Each structure stands twice: as C-alpha cells, then as structure tokens.
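Chain by chain, the residues run as shown.
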Amino acid sequence: MTYKILLSCTLVLLLTACGSDDKATETQANLIPTPPTTYTGIFLDSVVDGLNYKTASQNGQTNGLGEFTFQEDEMITFSIGGIELPSTPAALYLTPLELYQTNDINKIEVVNLLRLLQSLDLDGDASNGIEITESTHQLAANLNIDFSASNFDQQVTELVSQSGAANQELISATMAIEHFQLTLSQISNNNLTTCTTTHEKVGHSGFFNTFAHNVSGKATIIDDCTIEITQFSYDGGGPDVYFYGAKNHQYANEEAFPIGQQINGKTFDNASIMIKLPQNKSLDDLSGLSVWCVDFAANFGQMEFTP
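Residues numbered from 1 in each chain as written. Predicted model: local features only at pLDDT ≥ 70, side-chain atom pairs only at ≥ 80, totals over all residues. Heavy atoms only, no water.

Turning our attention to the overall build of the chain. For the chain, the helix and strand inventory stands at 7 helices and 19 strands. Counting across all 307 residues of the chain, residues that qualify as buried make up 44%. Put simply, the chain shows about 15,400 Å² of open surface, and 48% of that area lies on carbon and sulfur atoms. (Helix = DSSP H or I, 4+ residues; strand = E, 2+ residues; numbered from the N terminus. Buried < 20%, exposed > 50% of the residue type's maximum accessible area, 1.4 Å probe, protein only. Areas by Shrake-Rupley, 256 points an atom, 1.4 Å probe, with all protein chains shown as cover.)

Now the structure itself:
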C-alpha cells in the first residue's frame, strides 16, 4: 500500500505537489488516453446477415440485424468469400448505393450486387432479411467478380446454383430493384434511423435559389443527422457535384463539407432525396446547403435553413 501511494505521488509531482490520494487518482486518470468510440452501423438491401466486413480497427460478419461496428472516419470493406466489394466511408446505414458512390438505383454494379445478395439468401425470401451462409463464403473463396461486366451472370452462375440457397438461379434485375425500392422507402419514411430529434434546427427548412443547371427544390431538417430534399430539380451538369453544407454559405471554405453521394450525371425532376450528415459533423456545422461543383468551386444553387 505504501508503495502504491508513493507511486501516485510521484506521478502527481510531475505537475504539482502530492496533496491527496484523490488528487493523485484524478491526475492518473487524466494521463490515460480516452479510447475511441465504436459505432454500430447496418448494411441494408434488406438487413444482410453473414456479410464479411473489415475496417482499420474492426472486422467480423454482420449479424442477424445487419449490424457491423466501426470507429469514426474509418473506411469499411464488405466481402463474400473472395468477392471484395468497393470500400466506402463507414456510416450508420449503408446500402449498395453507398458502396458504388451513386444515387442511381439502376447503375449496373448496384443492380448486379442486389441480384447476387438476394439470390444467395438462404430461404429465398429477402423480405424477411438476407442470410449469407458460411458455405457460400467457402464457395466464393477464390472468386473475383466484376459487377459491371456484360458476362456478370455467367461469372456467378455456379456460385448461386451450388450455394444451397432456395434460389438456384440468379434473380432478375426487375425483382431485385423492386425489393430494394421497398427498403429505400422504409429508410425515407424514417422507419430506420438512430438519429435523435433534440437539436433546435430540427424542422427548419428553406428553398434553393437557382444559380445554374436548373437547380431548385426544398431542404428540410428531419432529425439530428438527416436532411430531406424534396421537389428537387437539377439537369445533372458539371463534374464532381455534391450537396455541400457550410456556415453562412462559405462553401469554398475548408470547413465546408459534402453530404451524401455525388449527384452529377443524372437528371432530377421533382425528386425526393434523403441525405445523412457525415459521422463527424452535426447541425451546428451548417446554416445552409449548396449544390456545389467541387472541381470549379461553383455554386449551382443554395438555400438557408430557417424556422
């Protein structure tokens, strides 16, 4: 006991005189680094159970709720056996859209990934969740699939037929998209969210002023990390275009940040889009939004959140 007290006092004396055991304990605690926060996210086509994942600090398989763990600012990579999917910033909710950095549900890579996941579901009913079995991972151990290839179907035929899943053939693009649209509808209706509604800006909204490329629409703060864009129009022009958040419309400032995926290359006409704030940002970090072209620092349209 005497030794422990002397050791505590020695640590305290590095900063101040050793006055009490309580003060020494407090100082020791201050010298211990705070461990990083671990978050739980969900991968969705519907919830996908048994998908391999890895980040810089975490690894494992998604559970029956589709959950994975990650730490702030990490990239995450999902895989089925040797089929490695594109890495993406880890977030509370991820879908094939985020993996392929798009809002286009008809993008060929997205569609083919949806088809494969739903085809490999053990019971063949994606409406009750998708389960990827260990035997499927083993069958796919040496596969390297190109989801954009014209012969994609041929690449995965054997995997699907031998997986032991209810579907012995790859399901159609139409079926896969229809199911995924139901999942996206659930997300949009806020049936799936871990965001609170405590911030004073929740409910604030505003309309975009049009500067270029026919940008128009309304943005509304739904909860502490979700913004809904409605009546949105944009002709898809310009390279590297995102929704950008900033204070006082300073979108060229280094503190401004993108929200959601790249939106150029697709025409929007009275569309509705849900975007999530990045994990390290809050509603305190913005007062408005811009449809912002990163390459040319060009503001195609902006709005201000007001009560």
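For the rest of this paragraph, the subject is the sheet that holds strand β5 (residues 67-71). With respect to topology, 3 strands assemble into an open sheet ordered β5-β1-β9, the strand pairing being mixed. Of all the strands in the sheet, just β5 and β9 (93-94) have a single pairing partner and so form its edges. In terms of strand pairing, strand β1 (residues 38-43) meets β5 through 5 bridges, oriented antiparallel. Its bridge partner being in β5, Tyr 39 is matched across the sheet by Phe 70. (Pairing = 2+ DSSP bridges.)

Take the packing of aromatic side chains next. Working definition: an aromatic ring pair is given by the centre-to-centre distance plus the angle between the planes. This structure, assessed with the given rule, holds 15 aromatic pairs. For the ring pair Phe 68 and Phe 70, a centre distance of 5.9 Å and an interplane angle of 40 degrees mean the geometry is tilted. Both residues of the pair, Phe 68 and Phe 70, belong to the buried class. Ring centres 5.1 Å apart and planes at 55 degrees place the aromatic pair Phe 232 and Phe 243 in the tilted group. Note that Phe 232 is positioned in strand β14 (residues 226-234) and Phe 243 in strand β15 (residues 241-246), a separation of 11 residues in sequence. Phe 232 sits in the buried class, given a relative accessible area of 0%. An aromatic cluster is built from Tyr 39, Phe 43, Tyr 53, Phe 68, Phe 70 and Phe 78, whose rings are joined through pairwise contacts. (Phe/Tyr/Trp six-rings, centres within 6.5 Å; stacked < 30°, edge-to-face > 60°.)

Below, the discussion takes up the nonpolar core. Ranked by size, the top nonpolar core spans 38 residues in total, and within it Phe 43, Phe 78, Ile 80, Ile 83, Leu 116 and Phe 147 carry the most contacts. Sorting the residues of this core by element identifies β5, β6 (75-80), α3 (96-99), α4 (108-120), α6 (152-162) and α7 (173-188) as the ones contributing at least two each. In terms of residue count, α4 provides more of this core than any other element does, 7 residues in total. Grouped together as the second largest cluster of nonpolar side chains are 27 residues, Phe 232, Phe 268, Leu 283 and Leu 286 included. (Core = buried A, V, L, I, M, F, W, Y, C linked by side-chain atoms within 4.5 Å.)

This brings us to the pairing of strand β18 (residues 288-293). Taken across its 6 residues, β18 has 6 buried, putting it largely inside the fold. Residues of β18 alternate between two faces, with Gly 288, Ser 290 and Trp 292 on one and Leu 289, Val 291 and Cys 293 on the opposite face, all of them buried. Sheet analysis places β15 next to β18, joined by 6 bridges and oriented antiparallel. Bridged to Gly 245 within β18 is Leu 289.

In this section: α4. Taking 1.5 Å of rise per residue, the 13 residues of α4 would be expected to cover 18 Å, and the 18 Å separating its terminal C-alpha atoms lies within 8% of that figure. Turning to α4, its buried residues are Glu 109, Val 110, Val 111, Asn 112, Leu 113, Leu 114, Arg 115, Leu 116, Leu 117, Gln 118, Ser 119 and Leu 120. (Expected span 1.5 Å × (residues − 1).)

Turning next to the side chain of Ser 290. Within the fold, Ser 290 resides in strand β18. Of the polar contacts made by the side chain of Ser 290, one reaches the side chain of Asn 299; its length is 2.8 Å. In this structure the side chain of Ser 290 is engaged in a polar contact, spanning 3.5 Å, whose partner is the backbone oxygen of Gly 301. Setting aside its immediate chain neighbours within four residues, Ser 290 contacts Phe 208, Tyr 242, Phe 243, Tyr 244, Tyr 251, Asn 299, Gly 301 and Gln 302. (Polar contact = N/O pair within 3.5 Å; in protein donor to acceptor, adjacent residues only side chain to side chain. Contact = heavy atoms within 4.5 Å.)

Looking now at the environment of Asn 59. With respect to the helices and strands, Asn 59 occurs in strand β4 (residues 59-61). Residue Asn 59 is classed as exposed on the basis of its relative accessible area, which comes to 63%.

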